[in-house]
Amino acid sequence: MRNILTICSKEIKSYFVSPIAYLLMGLFGLIFGYFFYSASAYFVMAGMRAQMQGGGGPMSVNEYVIAPLFGNASVVGLFLIPLISMRLFAEEKRSGTIELLMTSPIKDWEIVLGKWMGAVFMYMCVLLMAAANVALLFIWGNPDWRPVLTGFLGLLLQGATVLSIGTFISTLTKNQIIAGAATFSICLLLWVLSWVSSYNEAGWAQVIAYCSILTHFEPFSKGIIDTKDVVFYLSAIFLGLFLTTRSLESMRWRA
Amino acid sequence: MIKVEGLTKRYARNVAVKNISFEVGKGEIVGFLGKNGAGKTTTMRVLTCFLPPTAGKASVAGFDVLEQPLDVKRNIGYLPETPPVYPEMEVAEYLEFVAKLKNMPKGDIAKRIDEVCERAALGDVKHKIIGKLSKGYRQRVGIAQAIIHNPPVLILDEPTSGLDPEQQLHVRELVASLSGDHTIILSTHILSEVEASCSNVIIINNGEIIASDSVANLHKRGKSTETVSIEVAGGDAVAVRQRLEEVRGVARVLSRDAREGLLAFEVEGLEGEKDMLRPDLARAIVQSGWNLTELKTIGDSLEEIFLDLTRAESGAKATTTEGESAAQ
């Protein structure tokens, strides 16, 4: 455990001594802030119109502002995550520091887990920017806090899954750009996998759609924690980290 | 301390190390000598459990590199060819990270960092960012990280490469100062370094060990004739040359460029006349009333022995496969 924490805290430090952390948080804050602004402005306008027409009960902030915002955040996350994970192993391989890690009395899976946890922590810091926006709703409104929590849990699980895939890809190359681009393509693919089920009802299409990372996120944004989705994310994380460990081991044999 | 038996390492297309065996006893400093691509780095990487051997056995401090890699790693301090430093970290911060990686008890770390910094003369840069240090300092940080957990075995891959002469000297002194309590293998292609700091030499060429002996024994293997360089002042070139040729045991005298009134010659001795050649030459010059300004043996250094050995080897095996070229 101590080894994992050593690696993990080193990763977190190196995110925050470089501009990466601030850049990612800034970018995400900017984009999410824009979404937040337009979602709440739309909500205000729609609310005013409903009042003037004199119809309808009270509108739910959760349904009209928070749920769509989480949807947006999860997509933006898919684009930012490759930037977090691409350096994890590619940088160590390029600079030769991987030799230090792999000749230290520490197991391969401890290195992998430590690095991945560092990346997840970084991603959580990015999500904080979203939380700051959502907190405003609690100051001036009275939304239900439970779907907000599940939404963040969903974002976290989804991000952790993509990070584990990104970590794996980062072990395959010395080049950060290649690692980033490959992870990005795979994220994109995992996102659009769900589209196949919209025009095809066949069994295989359902299976492919099931693999889409985004379909498993939707229930979370609505406040539903479905075991099916949690299991999907956890097993995907496990698979990603397992492949990473194997890939790290194979570096020794392939050399 | 280190035992290697029939070690072979094959990469996809070529064999980097072929069936080598050697042993290093406790407290010895062994120089691993070879041209670039001879298989030095590969051997070291196998010993540090970075790469598994294709065939054969290797053990460090009694632990097998394949069976008990964690125990091997605990007993080794390793400086790879490029020091494995993180440019964004401070020196002390980096050393702390390495100390934790090497499972040092938490309470000892701060004290040990101070010790190691003093030893590697890093005191004044302790809180500087590694990325801003010069190559020499970075190399020393690399050595500091190798010794931080006080391992019984040190493996240093070209510890002086890319350093200026003063830094090289410093690193050599540092290595020498470590010799008491550590078993050290260091690789190099600089021969004077081996002469300066190693007790034993292993010469490796094209993945095979072509000589493994003490430095003193290797010297004895040298040629049985001697070549002497001489500088004489205050004489006539022809006369001096004639006088030199008359000295007993001289086979041939060659004139070299003279400058500022100094006459320079190269004198080759006859076989078996090694011991008395220089004293005889000196006496001859002085007794003739000239000034002897310089007299030294040339060649017969480890350098020549090394070149002889590797040349003979390459000549004999001109058709064997290339060494380590694609190993990286």
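1. So, the overall build of chain B
For chain B, the count of helices and strands is eleven helices and 14 strands. Dimensions along the principal axes, computed over C-alpha positions, put chain B at roughly 75 × 50 × 30 Å. Per-residue burial over chain B gives 41% buried out of 328 residues. Pairs at least 24 apart in sequence give 69% of the contacts found in chain B among residues at least 6 apart.

2. Comments concerning the overall build of chain A
Across its full length, chain A carries twelve helices and zero strands. Mapped from its N terminus to its C terminus, chain A presents α and β elements in the order α-α-α-α-α-α-α-α-α-α-α-α. The C-alpha atoms of chain A give a radius of gyration of 20 Å, which matches the 18 Å a tight globule of 255 residues would have. Residue burial in chain A is summarised as follows: out of 255 residues, 39% are buried. Within chain A, contacts between residues separated by at least 24 positions form 80% of all contacts whose residues are at least 6 apart in sequence.

3. Here's the deal with the environment of G47 of chain A
Residues and elements named next belong to chain A. Looking at where G47 falls in the secondary structure, it is placed in helix α2 (residues 19-52). With 15 C-beta atoms counted inside 10 Å, the residue G47 sits in the partly exposed group. Each C-alpha atom of the pair G47 and R252 lies 62 Å from the other, and the pair is 205 residues apart in sequence.

4. Thoughts on the packing of helix α6 (residues 108-140) of chain A against helix α12 (residues 227-254) of chain A
Residues and elements named next belong to chain A. In the contact formed by α6 and α12, the axes pass within 9 Å of each other and the chain directions differ by 130°. Judged by the inter-axis angle, α6 sits oblique to α12. Taken as a pair, α6 and α12 cross one another with a handedness that is right-handed. Residues D108, W109, I111, V112, L113 and W116 of α6 pack against L241, T244, T245, L248 and E249 of α12. Residue classes in the contact of α6 with α12 are distributed as seven nonpolar, two polar and two charged.

5. Points about the packing of helix α3 (residues 61-85) of chain A against helix α8 (residues 176-192) of chain A
Residues and elements named next belong to chain A. Interaxial distance between α3 and α8 falls to 8 Å at its minimum, and their mutual angle equals 155°. One way to sum up the angle between α3 and α8 is to call them roughly antiparallel. Seen from above, α3 lies across α8 with right-handed handedness. For the pair α3 and α8, the contacting residues are V75, L78, I81, P82, L83 and S85 in the first and G180, T183, F184, C187 and W191 in the second. For the contact of α3 with α8, the residue count by class is eight nonpolar, three polar and no charged.

6. Thoughts on the interface of chain A and chain B
Counting residues at the interface gives 17 residues for chain A, matched by 22 residues for chain B. Put simply, the parts of the chain that give the side of chain A that touches chain B at least two residues each are α1 (2-17), α5 (98-102) and α12 of chain A. Here the side of chain A that touches chain B gets four residues from one element, more than from any other, and that element is α1 of chain A. Here the side of chain A that touches chain B is composed, by residue class, of seven nonpolar, seven polar and three charged.

7. Quick word on α12 of chain A
Residues and elements named next belong to chain A. Here α12 contains 28 residues, and its C-alpha end-to-end distance of 39 Å stays within 8% of the 40 Å for a straight helix at 1.5 Å per residue. Those residues of α12 not exposed but buried are Y233, A236, G240, L241, T244, T245 and L248. Where α12 is buried, its residues touch α6 and α7 (145-170).

8. Quick notes on the sheet that holds strand β4 (residues 55-60) of chain B
Residues and elements named next belong to chain B. The strand order across the open sheet built from four strands is β2-β1-β4-β5, with neighbouring strands paired in antiparallel fashion. Both edges of this open sheet fall to β2 (15-24) and β5 (63-64), since each of them pairs with a single strand only. Here β4 pairs with β5 via two bridges, running antiparallel. Residue pairing in the sheet places V60 in a bridge with F63 of β5.

9. Considerations on the confidence of the model for chain B
All names here are of chain B. Residues with a pLDDT of 70 or more make up 90% of chain B, whose mean pLDDT is 83. Predicted confidence in chain B is weakest over helix α11 (residues 302-316), with a mean pLDDT of 68, and strongest over helix α3 (residues 91-101), with 94. The ipTM value of the predicted complex is 0.87, and its pTM value is 0.83.

10. Examining the domain arrangement of chain B
As far as domains go, chain B holds domain 1 (2-220) and domain 2 (227-298). Relative to domain 2 of chain B, the C-alpha centre of domain 1 of chain B lies at a distance of 44 Å.

11. Some words on the environment of V46 of chain B
Residue and element names in this part refer to chain B. Note that V46 resides in helix α1 (residues 40-47). Separated by 238 residues in sequence, V46 and A284 have C-alpha atoms that sit 57 Å apart. The residues touching V46, leaving out its near neighbours within four places in the chain, are L7, K9, L51, P53, A58 and V65.

Here is what the cut-offs are and how they apply
- Residues numbered from 1 in each chain as written.
- Chains lettered and ligands numbered in written order.
- Predicted model: local features only at pLDDT ≥ 70, side-chain atom pairs only at ≥ 80, totals over all residues.
- Helix = DSSP H or I, 4+ residues; strand = E, 2+ residues; numbered from the N terminus.
- Buried ≥ 20, exposed ≤ 12 C-beta atoms within 10 Å, placed from the backbone.
- Contact = placed C-beta atoms within 7 Å.
- Rg over C-alpha atoms; globule rule 2.2 N^0.38 Å.
- Axes fitted to C-alpha atoms, helices over the stretch in contact; angles between N-to-C directions.
- Parallel < 35°, antiparallel > 145°, perpendicular 65-115°, else oblique.
- Left-handed = near helix turned anticlockwise from the far one by under 90°.
- Nonpolar A, V, L, I, M, F, W, Y, C, P; charged D, E, K, R; others polar.
- Expected span 1.5 Å × (residues − 1).
- Pairing = 2+ DSSP bridges.
- pLDDT = per-residue confidence, 0-100.
- Domains from an automatic or database assignment.

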